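Here is how the chains run, residue by residue.
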Amino acid sequence: MLELHGISRSFGDRLVLDDVSFTVGRGRLTGFVGGNGAGKTTTMRIILGVLAPHAGQVTIDGAPVVGGQRARFGYMPEERGLYPKMQLVEHLTYLARLHGFDKQGATTRAEALVERLGLTARAKDPVESLSLGNQQRAQVAAALVHDPEILVLDEPFSGLDPLAVEVVQGVLAERAAQGAPVLFSSHQLDVVERLCDDLVIIAGGEVRATGTREELRTRYGTARHEIVADGDMGWLRDVPQVRVDELAGGSAVFEAPQDVAQHVLTAALARGPVHAFTPLRPTLAEIFRDVVADEPDLEEVAR
Amino acid sequence: MNARPPAPTPPSLGRAALLVAEREVTSQVRTRSFLVSTAILLVGVLAAIVVSSLLAGREGDDAPVAVVASVAGQVPTTDGMALVDVPDADAAEQAVRAGDVDAAVVPGSGPLGVEVVAMDSAPQVLLDALTERPEVVLLDPAAAEGGVRYIVTFAFGLVFMMSAIGFGATIAQNTVTEKQTRIVEILLSAVPARALLAGKILGNSALALGQTAAIAAVSVLALVVTGQDDLLTMIGMPVVWFVVFFALGFVLLAAVFAASASLVSRIEDTGVVLQPAMWLTMLPYFLVVFFNDNAAVLTAMSYVPFSAPVGMPVRLFLGEAAWWEPLLSLAVLGASCAVVIAFAARIYERSVLRMGARVKVTEVLRAGTAD
């Protein structure tokens with residue numbers, strides 16, 4: 001597993017990362033979430049060794065990462081970069097060969113990946129002629145073509161249409177299932193929510209929260225329920241310990257401890273038929289808002 | 001958890017460099033601009049030599065030849081010669097010196113009993129007309145080299161400069177593009193920076209050398225076809241030396257171009273950092289154009305690593321260099337290549353991943369670790 005221990009880094013006199021520590025477990029898809037300038041990209045570049053930390057270290061299974069090991073990382077940088085004039089399959093083949101695959105093996109791998117990502121029709125096109133979404137897929141392919149043992153992807157889903165998100169998501173889940181630790185950052189909280197097992201929330205260069213998705217939900221979420229009944233739900237406002245968030249005729253969303261919620265349900269049933277009673281789980285967006293609420297103004301993107 | 005196939009062994013430094021070089025070559029050879037510019041260059045060289053030979057040939061449509069009356073019978077009237085009668089040898093020589101005639105036939109020793117007098121060369125048509133080759137007295141043999149000397153030295157300088165600037169700029173552009181698009185981050189996760197730099201230098205040097213060798217081959221071919229064998233024997237060896245020197249000299253410049261370009265992150269910023277490299281590339285050309293008759297400057301040029309690829313072949317062509325001089329100069333060039341590449345690798349390794357503002361050379365060379 002990949003671990004960060006007390007990573008700090010500043011640019012000039014600006015502290016961009018302050019004592020960042022977290023773990024990316026094997027076989028776990030870990031979402032890395034934070035606002036612009038929170039330090040996501042800097043963290044990822046440090047993991048890759050593209051940037052040196054001023055304090056702390058990165059370890060794999062307890063041992064510090066050494067240069068050669070990083071060849072087994074799959075990396076997708078923040079700014080998308082492939083040679084614009086090279087043909088897609090050729091480009092992927094080249095990258096695989098640089099990692100030590102022979103020409104035949106590299107070509108097979110590149111072609112399989114292109115097919116898996118739905119780019120077969122574009123296989124022979126120069127990278128620059130691909131649409132933005134397809135270039136993004138190509139970039140994912142570039143990170144995967146050498147069958148990396150650890151994946152570090154900066155915004156792999158940005159600019160993808162829902163279908164493409166699905167495809168990339170599937171590919172990443174596959175890699176995780178094969179035992180690779182996968183760390184990816186994203187602004188699309190709904191995607192992160194759907195896909196990841198673990199979460200790391202970073203703001204202002206500090207890790208604000210880590211844990212599994214469920215842990216974070218119970219820790220930061222408030223217990224809310226939605227109820228839909230025949231009669232008007234206005235009476236709900238008078239029930240002690242209940243805070244009504246929304247109310248529209250027969251349907252209401254309210255916040256209350258578990259036992260009080262059950263009591264509300266019984267009371268509602270006593271008044272007439274109830275069509276729905278649903279516990280509302282906090283969305284990642286809500287958790288994120290809670291966690292980073294006290295963050296000062298977002299700074300410019302740090303590199 | 002699925003079993004994962006064993007990871008491939010990472011390529012060795014040399015193998016990685018070859019892979020990078022292969023990509024540099026194939027991706028450039030395939031571009032239309034490269035093919036077109038190479039074709040234009042070769043056709044241009046061919047045309048220049050052929051046209052100049054045609055012009056030289058036409059000059060003596062009817063070569064005026066002075067003939068001393070006493071030997072007039074010895075000279076047959078042939079097409080291409082306009083015979084002018086003169087009273088004696090002195091008058092004939094005066095006519096030659098004045099440029100009124102290209103050559104003069106005067107009484108002399110030898111089986112024919114005549115001699116040919118000319119300034120720098122006797123018209124071929126006259127020599128052919130005489131049944132046996134007469135003795136030729138040249139009044140100003142040094143001038144023979146004048147024009148040719150200038151053209152050949154100029155050609156060496158020009159070919160070197162054009163080729164080095166062209167491929168040097170390509171190296172610089174590729175380096176910055178890799179940095180700008182961040183593909184360098186992906187590449188460096190696979191291979192060390194040294195391999196990347198070595199491959200880049202190797203690939204572009206191979207292309208530059210190939211192009212230069214093609215120019216040399218076309219020149220030789222054109223000289224043979226146009227029948228300028230005498231010129232060919234004069235420049236044959238210097239051309240071979242030129243190609244050899246070019247190979248090393250270009251590697252030297254390529255390292256400088258790559259290291260310079262790695263200091264900046266955007267194409268727009270390359271102009272400033274490349275200036276020193278550009279001057280190093282253009283200097284030999286200007287020196288050879290302005291000082292091609294100054295032996296001291298040429299000698300210095302032929303040993304200074306950055307100008308030796310032009311200076312030494314020129315001196316060899318002029319016959320001013322002893323046989324061991326090119327070898328010595330080549331050794332100096334090779335040694336400086338090693339030193340410059342070591343420096344370039346250091347600069348490249350430490351600056352290629354630094355994005356944003358221009359990186360200072362002194363800072364990179366001083367810094368203990370990559371930032």
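Residues numbered from 1 in each chain as written. Chains lettered and ligands numbered in written order. Predicted model: local features only at pLDDT ≥ 70, side-chain atom pairs only at ≥ 80, totals over all residues. Heavy atoms only, no water.

An unreviewed UniProt entry annotates chain B as ABC transporter permease originating from Cellulomonas phragmiteti.

The name given to chain A in an unreviewed UniProt entry is ABC transporter ATP-binding protein, with the source organism recorded as Cellulomonas phragmiteti. The record held by UniProt for chain A lists under Subcellular location (unreviewed entry) the comment "Cell membrane". According to its UniProt record, chain A has this under Sequence similarities (unreviewed entry): "Belongs to the ABC transporter superfamily." (UniProt positions renumbered as here; feature names shortened; annotations may be inferred.)

Engineer: What am I meant to see in helix 11 (residues 308-317) of chain B here?
Structural biologist: Because each turn of an α-helix spans 3.6 residues, side chains separated by three or four positions in sequence point in the same direction. Residue and element names in this part refer to chain B. Within helix 11, 10 of the 10 residues are buried, leaving the element largely enclosed by the surrounding structure. Listed as buried for helix 11 are Ala308, Pro309, Val310, Gly311, Met312, Pro313, Val314, Arg315, Leu316 and Phe317. Backbone geometry just after helix 11 places Gly319 at a positive phi near 70°. (Buried < 20%, exposed > 50% of the residue type's maximum accessible area, 1.4 Å probe, protein only. Helix = DSSP H or I, 4+ residues; strand = E, 2+ residues; numbered from the N terminus.)

Engineer: Which parts of the structure should I look at to understand the pattern of salt bridges?
Structural biologist: It is possible for side chains bearing opposite charge to pair when their charged atoms get close. Applying the stated rule across the entire model yields 27 salt bridges over all chains. Its salt-bridge partner being Glu325(B), residue Arg315(B) comes within 3.0 Å of it at the nearest N-O pair. With a gap of 10 residues between them, Arg315(B) in helix 11 and Glu325(B) in helix 12 (residues 325-351) connect regions that are remote in the sequence. Exposure class is identical for Arg315(B) and Glu325(B). Each is buried. One network of salt bridges, with partners in common, ties together Arg224(A), Arg243(A), Asp245(A), Glu255(A) and Glu286(A). (Salt bridge = Lys/Arg side-chain N within 4 Å of Asp/Glu carboxyl O.)

Engineer: Would you take a moment to explain the sheet that holds strand 11 (residues 224-229) of chain A for this structure?
Structural biologist: Across a sheet, strands are paired by hydrogen bonds formed along the backbone, either parallel or antiparallel in direction. Residues and elements named next belong to chain A. Read across the open sheet, the four strands follow the order 12-13-11-14; overall the sheet is antiparallel. If you trace the sheet from one side to the other, it starts and ends with strand 12 (243-248) and strand 14 (274-280), each paired once. Looking at each pair of strands side by side, their axes are set apart by 15° on average, direction ignored. Sheet topology note: the strand 11/strand 14 ladder contains six bridges and is antiparallel. For Arg224, the partnering residue across the bridge sits in strand 14 and is Leu280. Sheet strands in contact with helix 8 (residues 258-271) are strand 11, strand 13 (251-255) and strand 14, and its direction is about 170° off that of strand 14. (Pairing = 2+ DSSP bridges. Axes fitted to C-alpha atoms, helices over the stretch in contact; angles between N-to-C directions. Contact = heavy atoms within 4.5 Å.)

Engineer: When you look at the packing of aromatic side chains in this model, what are you seeing that I'm missing?
Structural biologist: Describing an aromatic ring pair means giving the distance of the ring centres and the angle of the ring planes. Under the criterion given, the structure shown has 12 aromatic pairs over all chains. Consider the rings of Phe246(B) and Phe250(B), whose centres lie 5.9 Å apart with planes at 10°: the pair is stacked. With a gap of four residues between them, Phe246(B) and Phe250(B) both fall in helix 8 (residues 229-261), about one helical turn apart. Across the pair, Phe250(B) and Phe246(B) agree in class, each one buried. On the numbers, 5.3 Å between centres and 65° between planes, the contact of Tyr285(B) with Phe286(B) is edge-to-face. Taken together, the aromatic side chains of Phe34(B), Phe156(B), Phe160(B), Phe167(B), Phe242(B), Phe246(B) and Phe250(B) make up a single cluster linked through ring pairs. Above the plane of the ring of Trp235(A) lies Arg271(A), whose end atom (NZ or CZ) is 4.2 Å from the centre. (Phe/Tyr/Trp six-rings, centres within 6.5 Å; stacked < 30°, edge-to-face > 60°. Lys NZ or Arg CZ within 6 Å of the ring centre and 35° of its normal.)

Engineer: Sorry if this is basic, but what is going on with the UniProt feature "transmembrane region" (unreviewed entry) in chain B here?
Structural biologist: Residue and element names in this part refer to chain B. UniProt feature "transmembrane region" (unreviewed entry): in the numbering of this structure it lies at residues 33-55, 150-172, 206-227, 239-264, 285-306 and 326-348. End-to-end, the C-alpha atoms of residues 239-264 are 37 Å apart, and along that stretch the chain is 88% helix and 0% strand. As annotated, residues 285-306 comprises 59% helix and 0% strand, and the C-alpha atoms at either end are separated by 11 Å.

Engineer: When you look at the side chain of Thr175(B) in this model, what are you seeing that I'm missing?
Structural biologist: Residue placement: Thr175(B) occurs in helix 5 (residues 143-180). If we skip the residues at most four places from it in the chain, Thr175(B) touches Lys200(B), Ala258(B), Ala261(B), Ser262(B) and Tyr348(B).

Engineer: I'm lost on the interface of chain A and chain B in this one. Help?
Structural biologist: Accessible area lost when the parts come together is the quantity often used to give the size of an interface. The interface is formed by 37 residues belonging to chain A together with 31 residues belonging to chain B. When chain A packs against chain B, close to 3,100 Å² is buried across both sides, 56% of that on carbon and sulfur atoms. Looking at the side of chain A facing chain B, the largest losses of area belong to Tyr83(A), Arg97(A) and Leu98(A), adding up to 21% of the total buried there. One can count three salt bridges joining chain A with chain B. A salt bridge links Glu185(B) to Arg45(A); its shortest N-O distance comes to 3.0 Å. At the junction of chain A and chain B, the tally comes to seven residue pairs in polar contact (both at pLDDT 80 or more). (Buried area = accessible area lost by both parts, 1.4 Å probe. Polar contact = N/O pair within 3.5 Å; in protein donor to acceptor, adjacent residues only side chain to side chain.)

Engineer: I would appreciate a short explanation of the confidence of the model for chain B in the present structure.
Structural biologist: Looking at chain B, pLDDT values average 82 and 88% of them are 70 or higher. Across the interfaces of the predicted complex, the ipTM metric reaches 0.76, alongside a pTM of 0.77. (pLDDT = per-residue confidence, 0-100.)

Engineer: Help me understand the confidence of the model for chain A, please; the structure alone is not making it clear to me.
Structural biologist: Interpreting fine coordinate detail is not advised for predicted regions of low pLDDT. In this model, chain A carries an average pLDDT of 86, and 96% of its residues clear a pLDDT of 70 or more. In this model, residues 295-303 of chain A is a region of pLDDT below 50 whose contacts with residues beyond four sequence positions or in other chains number 21 contacts.

Engineer: Is there a simple way to explain the pairing of strand 8 (residues 182-185) of chain A in this structure?
Structural biologist: The two faces of a sheet get side chains in turn, since along a regular strand they alternate between them. Residue and element names in this part refer to chain A. A two-sided burial pattern is seen for strand 8, the buried positions comprising Val182 and Phe184 on one face and Leu183 and Ser185 on the other. Pairing analysis gives four bridges linking strand 3 (residues 29-34) to strand 8, with the strands arranged parallel. Pairing of Thr30 across the sheet is with Leu183, part of strand 8. One crossover worth recording links strand 7 (residues 150-153) to the parallel strand 8 by way of helix 5 (residues 162-177), and it is right-handed. (Right-handed = clockwise from strand over helix to strand, strands pointing away.)

Engineer: What is the right way to read the sheet that holds strand 3 of chain A from this model?
Structural biologist: All names here are of chain A. Strands sit in the order 6-7-8-3-9-10 across an open sheet of six strands; the sheet is mixed. Two strands in the sheet have a free side with no partner beyond their single neighbour: strand 6 (73-76) and strand 10 (206-212). Looking at each pair of strands side by side, their axes are set apart by 15° on average, direction ignored. As paired strands, strand 6 and strand 7 are joined by four bridges and run parallel to one another. In the sheet register, Tyr75 faces strand 7, and the bridge partner there is Val152.

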